[in-house]
Amino acid sequence: MNIIVCVKQVLDPELPPSAFKIDPEAKKAIPPRDRAPVISPFDENAVEAALRIKDVHGGQITTLCLGQDLDMAVVKKPLSMGADELVLLQDNAFEGGDSFATAYALATAIKKIGEFDLIFCGRQAADWDAGQVGSGIAELLGIPSVSPAQKIEIKDGKVVVERVVADGYEVVEVSPPALITVSNELGEPRYPTMKGIMAAKKKTVTVWTAQDLGLDQSMIGASAAKSKMLKLFVPVREAKCEFVAGETAEEFGANLALKLREAKLL
Amino acid sequence: MAENKGVLIYGEVTEGKLDSISLELLGIGRKLADDLGQELGAVLLGSGIGDAAKEAILFGADKVYAVDDPVLKDYQTDSYTAVMEKVCKQLSPDILLLGQTAIGRDLAPRLAFRLGTGVTMDCIELAIDPQTKLMVQTKPVYGGNAVAVLVCEQTKPQIATIRVKAMEPLARDDSRTGEVISIPAELDPAAIRTKVVDKVKEEVVGIKLEDAKVVVCGGRGIGGVEGFSQLEELAKLLGGAVGATRPPCDSGWVAAHLQVGLTGKIVTPDVYIGIGLSGSSQHIAGISGAKNIIAINRDPEANIFKVAHYGAVGDYKKVLPSFIQKCKELLSG
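As the structure is a prediction and not an experimental result, all values here were calculated from the model.

### Description of the overall build of chain A
Thinking step 1. Counting its regular elements, chain A contains eight helices and 15 strands.
Thinking step 2. On the principal axes, the C-alpha backbone points of chain A span a range of 65 × 50 × 35 Å.
Thinking step 3. By the burial criterion, 54% of the 266 residues in chain A qualify as buried.
Thinking step 4. Element-wise, carbon and sulfur atoms account for 51% of the exposed surface of chain A, whose accessible area totals about 12000 Å².

Structure, rendered in structure tokens:
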């Protein structure tokens, strides 16, 4: 199985909200200086899903990443986990693109990569939480998609996917080529091994610009976007926490119950 | 192409009844349609839609478009997208709304790409701009750390999904009248490239998380399966349900469907108690509708205290037993 995994570099979503800052003029989040970006967590789940299939069936895993200001140590993480190739779509011309523009660029790059059986994406990125790019790539390539998956197996040449729904899951069968988005229910992604990290460091990365993909200005970045952002702001949270008093943890517990009774919540 | 007109909602139906998200969609859809002075339509897809079509009228729709066909028994991306593409081309709506549900999350983007238009996912607020008459879409981003306001200026329909429980349904009005129009699916089964071979329902013991008035959530700090049994004891005592943040679900301490947050369940209880959890943005997104937030955590700097109304700082293993004990006394006394 040859699998292409699309990954995105995002601000670390574990960043405490107090450290989260935006530039309202530019309508962008400001990356904190002291905290490196990460691969979006669901995308790491997607890499893990691909590695599990490779563990059993072999094949080649190519990771594909579009973005600006990419941190090589971050975007190489899938390689150190066990992926084989990394293709970066790095061009300032991609700036300002929405899900539509991004899916278009990624689908074009996938066509240029050529052969694949499966495409995996995270169910949504930890920054815009849109969850559109996977569906978009599938639509642009004219292939079926299943979303979001908690388990992916290959049986008799078919892909068997456990699709997460509100009250459980559905088992869905699809034949390659297909696109599948992956959710955290798949389980924790593996840690890179020391050997993997060393190999990833030496690995040559393919970098493509918009021109390499034959994309002109009208098809990428802000000019291709279907949605326009009017405003970005940080919501005000007015809650003020009342901490219960006490000397010991036991007292805290009992006093919390009394406090709730006082507030008529109990 | 004809001018795009009207607001259309995609209603979800389970066993011949409208789901709660459908009522929420009808509620906001009615408001937008009134602000535009246009009609509100509801499109229902499935096999055995039954009385749901009439129900949609009582909850606000002027017209209901029913596509009832055995081929639509299971949600599948290919079949539902194809039917919705046909419906949208036939009706040319100005606005199309779906729910941020298992179906909406998958169908809305695929359909938007097929129709060549934009979509905003997981909106918590929608309004019509009085000048431009465009739908102004408000959506949390960065796990709720920021909020974005967007419009889709150039293409139609303007598509959005709405967050579960973010919009108010209208009261049922039995005097409302409307028209039910049947649309044939006319689907080539060969065009459906996926097959649903099994459905596995997680068993829910006690009260459903989404419906519970009291929700007790645990996080990574609970440490394992055993800790969660204490949370269950508390939930039972208060007549509530247990939920969890992502790590306990991923580690298998609790079932995956108990995950509360952006990609899990959205809960709106009267009382939410968060124990041994830091309060990541992704989790907070699922509890922001809770009326009262109570937190127990070792770390006074934990983010959960930034949104909590009442807090106790300490090791939950020591705080919780005395809390449960005192609750018991107060409830029996």
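### A word on the overall build of chain B
Thinking step 1. If you tally the helices and strands in chain B, you get nine helices and 18 strands.
Thinking step 2. Over its C-alpha atoms chain B spans a radius of gyration of 22 Å, differing by no more than 12% from the 20 Å that the globule rule assigns to 333 residues.
Thinking step 3. For chain B, the spread of C-alpha atoms along the principal axes amounts to about 65 × 45 × 40 Å.
Thinking step 4. Residues counted as buried form 60% of the 333 residues belonging to chain B.
Thinking step 5. In chain B, the share of contacts with a sequence separation of at least 24, taken over all contacts with a separation of at least 6, comes to 63%.
Thinking step 6. Counting every atom, chain B has about 13000 Å² of accessible surface; 49% of that belongs to carbon and sulfur.

### Things to note about the packing of helix H3 (residues 77-91) of chain B against helix H4 (residues 102-115) of chain B
All names here are of chain B.
Thinking step 1. The N-to-C vectors of H3 and H4 enclose an angle of 50°; their axes lie 10 Å apart at closest approach. Classified by the angle their axes make, H3 and H4 are oblique. Judged by the twist between their axes, the crossing of H3 over H4 is right-handed. Each of Thr 77, Tyr 80, Thr 81, Ala 82, Met 84, Glu 85, Cys 88 and Lys 89 in H3 lies in contact with H4, whose residues at this interface are Asp 106, Leu 107, Arg 110, Leu 111, Arg 114 and Leu 115.

### Quick word on the interface of chain A and chain B
Thinking step 1. Between chain A and chain B, the contact holds 77 residues from the first and 77 residues from the second.
Thinking step 2. Ranking the residues of chain A by area buried against chain B places Glu139(A), Lys226(A) and Arg237(A) at the top, with a combined share of 8%.
Thinking step 3. Counting across the chain A and chain B interface gives four salt bridges.
Thinking step 4. Two residues, Arg114(B) and Glu139(A), come together in a salt bridge whose shortest N-O distance is 2.8 Å.
Thinking step 5. For the pair chain A and chain B, the interface holds 31 residue pairs in polar contact (both at pLDDT 80 or more).
Thinking step 6. A class-by-class count of the residues in the side of chain A that touches chain B yields 44 nonpolar, 14 polar and 19 charged.
Thinking step 7. Where strand E11 (residues 168-174) of chain A lies against strand E13 (residues 194-201) of chain B, seven bridges are found, and the strand directions are antiparallel.

### Examining unusual backbone geometry
Thinking step 1. Here Ser147(A) and Pro148(A) are connected by a cis peptide whose omega angle stands at -10°.
Thinking step 2. Along the chain, the position of Pro148(A) falls in strand E9 (residues 145-155).
Thinking step 3. For the bond from Lys156(B) to Pro157(B), the omega torsion is -5°, close enough to zero to count as cis.
Thinking step 4. One can find Pro157(B) in the loop between strand E10 (146-151) and strand E11 (158-162).
Thinking step 5. In this structure, Asp69(A) takes a positive phi of about 50° despite not being glycine.
Thinking step 6. Assignment of secondary structure puts Asp69(A) in the loop between strand E6 (60-66) and helix H2 (72-75).
Thinking step 7. Phi at Asp129(A) is positive, roughly 50°, even though this residue is not glycine.

### Looking at the packing of aromatic side chains
Thinking step 1. One pass over the full model with this rule turns up five aromatic pairs over all chains.
Thinking step 2. Residues Phe100(A) and Phe113(B) carry aromatic rings whose centres are separated by 4.8 Å and whose planes lie at 10° to one another, so their mutual orientation is stacked. Residue Phe100(A) is located in helix H4 (residues 99-113), and its partner Phe113(B) is located in helix H4; the two belong to separate chains. The residues Phe100(A) and Phe113(B) share a single accessibility class, namely buried.
Thinking step 3. Through a chain of ring-to-ring contacts, the aromatic side chains of Phe20(A), Trp128(A) and Tyr142(B) assemble into a single cluster.
Thinking step 4. Arg123(A) extends its terminal NZ or CZ atom over the ring of Phe42(A), reaching a point 6.0 Å from the ring centre.
Thinking step 5. We note Lys231(A) situated over the ring of Phe233(A); from NZ or CZ to the ring centre the distance is 5.0 Å.

### Concerning the sheet that holds E9(A)
Thinking step 1. Ordered by their spatial adjacency, ten strands build an open sheet running E13(A)-E7(A)-E6(A)-E1(A)-E8(A)-E12(A)-E9(A)-E10(A)-E11(A)-E13(B), and the pairing between neighbours is mixed. Pairing within the sheet leaves two strands with one partner each, and these edge strands are strand E13 (206-208) of chain A together with E13 of chain B. Here the strands of the sheet are splayed against their neighbours by 30° on average, with no regard to which way each runs.
Thinking step 2. Two elements, strand E10 (residues 158-165) of chain A and E11(A), share seven bridges in a ladder whose sense is antiparallel. Within E11(A), the position partnered with Arg163(A) by the bridge is Glu170(A).

### Topic: a nonpolar patch on the surface
Thinking step 1. Together, Met194(A), Ile197(A) and Met198(A) give the surface a local cluster of nonpolar side chains, amounting to about 290 Å² of exposed area.
Thinking step 2. Judged by its relative accessible area of 60%, Met194(A) falls in the exposed class.

### Notes on the packing of H4(A) against helix H5 (residues 133-141) of chain A
All names here are of chain A.
Thinking step 1. Contact pair H4 / H5: the axes reach a minimum separation of 8 Å and the direction vectors enclose 50°. Here H5 runs oblique to H4, going by the angle between their axes. In the packing of H4 onto H5, the handedness of the crossing is right-handed. When H4 is examined against H5, the residues Ser 99, Thr 102, Ala 103, Tyr 104, Leu 106, Ala 107, Ile 110 and Lys 111 are found in contact with a partner set consisting of Val 133, Gly 136, Ile 137, Leu 140 and Leu 141.
Thinking step 2. The class makeup of the residues in the contact of H4 with H5 is nine nonpolar, three polar and one charged.

### Re the pattern of salt bridges
Thinking step 1. Scanning the entire structure with this criterion turns up 35 salt bridges over all chains.
Thinking step 2. Taking the shortest distance from any N to any O, the salt bridge between Arg172(B) and Asp174(B) comes out at 3.0 Å.
Thinking step 3. What makes Arg172(B) partly exposed here is its relative accessible area of 46%.
Thinking step 4. Note that Lys328(B) and Glu233(B) form a salt bridge whose closest N and O atoms lie 3.3 Å from each other. Residue Lys328(B) is found in helix H9 (residues 316-332), and its partner Glu233(B) is found in helix H5 (residues 225-237); the two are separated by 95 residues along the sequence.
Thinking step 5. According to the relative accessible area criterion, Lys328(B) is partly exposed, its value standing at 37%.
Thinking step 6. It is possible to trace a salt-bridge network through shared partners that takes in Glu139(A), Glu85(B), Lys89(B), Arg110(B) and Arg114(B).

### Focus: the nonpolar core
Thinking step 1. Val5(A), Leu118(A), Phe120(A), Ile152(A), Val159(A) and Ile180(A) are the most contacted members of the largest nonpolar core, which totals 37 residues.
Thinking step 2. Looking at this core, the element that brings in the most residues is helix H1 (residues 41-57) of chain A, giving six residues.
Thinking step 3. Formed by 33 residues, the second largest nonpolar core is a distinct cluster that contains Leu256(A), Val214(B), Cys249(B) and Tyr316(B).

Thresholds applied
Residues numbered from 1 in each chain as written. Chains lettered and ligands numbered in written order. Predicted model: local features only at pLDDT ≥ 70, side-chain atom pairs only at ≥ 80, totals over all residues. Heavy atoms only, no water. Helix = DSSP H or I, 4+ residues; strand = E, 2+ residues; numbered from the N terminus. Buried < 20%, exposed > 50% of the residue type's maximum accessible area, 1.4 Å probe, protein only. Areas by Shrake-Rupley, 256 points an atom, 1.4 Å probe, with all protein chains shown as cover. Rg over C-alpha atoms; globule rule 2.2 N^0.38 Å. Contact = heavy atoms within 4.5 Å. Axes fitted to C-alpha atoms, helices over the stretch in contact; angles between N-to-C directions. Parallel < 35°, antiparallel > 145°, perpendicular 65-115°, else oblique. Left-handed = near helix turned anticlockwise from the far one by under 90°. Buried area = accessible area lost by both parts, 1.4 Å probe. Salt bridge = Lys/Arg side-chain N within 4 Å of Asp/Glu carboxyl O. Polar contact = N/O pair within 3.5 Å; in protein donor to acceptor, adjacent residues only side chain to side chain. Nonpolar A, V, L, I, M, F, W, Y, C, P; charged D, E, K, R; others polar. Pairing = 2+ DSSP bridges. Phe/Tyr/Trp six-rings, centres within 6.5 Å; stacked < 30°, edge-to-face > 60°. Lys NZ or Arg CZ within 6 Å of the ring centre and 35° of its normal. Patch = residues over 30% accessible without salt bridge, like charges linked within 9 Å, V, L, I, M, F, W, Y side chains within 5 Å. Core = buried A, V, L, I, M, F, W, Y, C linked by side-chain atoms within 4.5 Å.

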